[in-house]
Every structure is written in C-alpha cells, then in structure tokens.
Amino acid sequence: ARPDLVKGVLALENSAAAFDEISDDEVKRIAKVPMINVIADRTPDRVAGARKFQKRMQAVGGHFTVDPLPEAGIRGNGHTMMLEKNNKVIMGRMVKWLRATVTD
C-alpha cells in the first residue's frame, strides 16, 4: 500500500500463482521496490510464475530477482530453508543481495 516506506522485499517460496493476483496498476506502484524471490527444490511451477512476474516488473522498470537455489547448485531444500543444514549458505545469498541491492 505504501511502497515509498519499503526498502526491499525478500520473498521465500511464493505460490505458483501469487504474482498473477497483482494488478498492472499495483505492479507500477511497487516497481521502485527491489525484490528477490528465493525458491528451493522441486518447484518448477513457482519458478515459472516468478519469472513471468519478473518480466512484468522489468516492463515497467522494476527490479525483481528470481533465485532458484538448484540453478545455483544448492540442492536438497524444502520450503523451510532456514531449518535446513545449509541454511547459512542460503542466508549468505540473501544478505549478499540485500547489501548489493537495498540502499538507504
């Protein structure tokens, strides 16, 4: 509702159709907010939905990063990544993105 108050969004494990529910007007309004969507294993429908939204954001000048962990060689994770044995590796990716993308 107030994207001017949000510095960035770190989303984990979106549903496959979550981004389809965002209207074009809302996409334009949130385009100034950098976002990343981290996705674990066995979720090709979630990756496809996120990439579709990424194209919508790019079309209005927005910044939306799709980060499917298996494509980075990080495998064996479910939707509770913070509880997995490799959680520090995943956290490191998120922190790196935040530091590189979200500014004061």
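Notes on the structure in this doc start here. (Residues numbered from 1 in each chain as written. Predicted model: local features only at pLDDT ≥ 70, side-chain atom pairs only at ≥ 80, totals over all residues. Heavy atoms only, no water.)

A word on the pairing of strand E2 (residues 35-39)
Thinking step 1. In terms of burial, E2 is largely enclosed, as five of its five residues are buried.
Thinking step 2. Neither face of E2 is open: one carries Met-35, Asn-37 and Ile-39, the other Ile-36 and Val-38, and all of them are buried.
Thinking step 3. A crossover links strand E1 (residues 9-12) with its parallel partner E2, the connecting element being helix H1 (residues 24-30), and its sense is right-handed.
Thinking step 4. The pairing of E2 with strand E3 (residues 64-68) spans five bridges and is parallel. Looking at the pairing, Asn-37 lines up with Val-66 of E3.
Thinking step 5. Each parallel crossover has a hand, and the one from E2 via helix H2 (residues 44-59) to E3 is right-handed. (Buried < 20%, exposed > 50% of the residue type's maximum accessible area, 1.4 Å probe, protein only. Helix = DSSP H or I, 4+ residues; strand = E, 2+ residues; numbered from the N terminus. Right-handed = clockwise from strand over helix to strand, strands pointing away. Pairing = 2+ DSSP bridges.)

Examining unusual backbone geometry
One can expect most non-glycine residues to show negative phi and most peptide bonds to be in trans.
Thinking step 1. Backbone geometry at Glu-13 places phi at a positive 55 degrees, although glycine is not the residue there.
Thinking step 2. Examined against the element boundaries, Glu-13 turns out to sit in the loop between E1 and H1.

With respect to the sheet that holds E3
Thinking step 1. In space, the three strands of this open sheet follow the order E1-E2-E3, with parallel pairing throughout. Where the open sheet ends on each side, the last strands, each with one partner, are E1 and E3. For this sheet the average axis-to-axis angle between neighbouring strands, irrespective of direction, equals 15 degrees.
Thinking step 2. As paired strands, E1 and E2 are joined by four bridges and run parallel to one another. Residue pairing in the sheet places Ala-11 in a bridge with Asn-37 of E2.
Thinking step 3. Here H2 sits on the sheet in contact with E2 and E3, set at roughly 160 degrees to E3. (Axes fitted to C-alpha atoms, helices over the stretch in contact; angles between N-to-C directions. Contact = heavy atoms within 4.5 Å.)

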